[in-house]
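Structural description and commentary
Spelled out, the chains give:
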Amino acid sequence: MKIQNDFKILIKTQIYNKMVNCVNKASPNEACGLVFGEIKEVEENGDFQYHYLPKKFNCIESSRKSTVAFLMNNIEELNALFYEAFSKYNLRLISIFHSHPGGNYPSGVDVDNMKYLDNCGNKAFKNQIWTIMDATNNEINGFIYFNNELVQIDVRLEN
Ligand SMILES: [Zn+2]
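Here goes a summary of the coordinates provided. (Residues numbered from 1 in each chain as written. Predicted model: local features only at pLDDT ≥ 70, side-chain atom pairs only at ≥ 80, totals over all residues. Heavy atoms only, no water.)

1. Notes on the coordination of the zinc ion
- For the zinc ion, every protein donor is listed as His98 (NE2), His100 (NE2), Asp110 (OD) and Asp110 (OD), and the spread of their distances is 2.0 to 2.7 Å.
- What the four donor atoms of the zinc ion show is an angle range of 53 to 160° at the metal, which sorts the shape as irregular.
- Taking the relative accessible area as the measure of exposure, His100 reaches 8% and is therefore buried. (Donors = N, O, S within 2.8 Å, 3.2 Å for Na, K, Ca; no water. Tetrahedral: all angles 85-135°; square planar, octahedral: opposite > 155°, others 65-115°. Buried < 20%, exposed > 50% of the residue type's maximum accessible area, 1.4 Å probe, protein only.)

Have a look at this one:
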């Protein structure tokens with residue numbers, strides 16, 4: 001898969017640990033959650049990069065208990081989380097997180113959902129990084145559907 005170097009997500013240990021807990025709690029089913037934070041435009045050698053900076057992670061109980069799918073469709077809960085993140089912390093949604101029992105590349109359904117959310121017209125869902133954690137080793141990959149193309153991006157873990 002093509003790597004898009006203009007996007008990066010920098011995940012601090014505190015957020016990463018919450019993601020791991022979320023995955024362990026849902027195991028053996030897929031876990032899911034929302035990552036709120038900031039997106040910073042950074043210039044590096046005349047090149048612009050977008051750094052996604054997670055500040056808050058909400059583990060969400062999947063409405064579909066499955067080892068091959070997840071579903072976040074509790075609209076009231078989602079609205080409350082969006083409202084809290086924005087009004088209390090001034091944060092926006094930057095990543096949609098979920099786990100796979102093995103592997104961390106998007107499934108066909110994931111790709112369909114990425115395309116759908118990017119094109120649904122709701123700006124809150126545009127240019128989301130999809131973070132996927134492999135439940136066997138807790139390694140995370142990141143992907144973005146950008147310019148009508150699925151690309152992999154750099155995930156950095158930091159203290
Ligand atoms: Zn998936």
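2. Some points on the state of the cysteines
- Under the definition given, this model contains one disulfide.
- At a sulfur-sulfur separation of 2.1 Å, the disulfide partner of Cys22 is Cys59. Given an S-S torsion of about 80°, the disulfide between Cys22 and Cys59 has right-handed geometry. Of the two residues, Cys22 is situated in helix 1 (residues 13-26) and Cys59 in strand 3 (residues 47-60); the sequence distance between them amounts to 37 residues.
- Judged by its relative accessible area of 3%, Cys22 is buried.
- Owing to a relative accessible area of 32%, Cys59 belongs among the partly exposed residues under this scheme.
- In this model Cys32 remains outside any disulfide bridge; the closest cysteine sulfur is found in Cys22, 6.8 Å from its own.
- Its sulfur unpaired, Cys120 is 17 Å from the next cysteine sulfur, which belongs to Cys32. (Disulfide = S-S within 2.5 Å. Helix = DSSP H or I, 4+ residues; strand = E, 2+ residues; numbered from the N terminus.)

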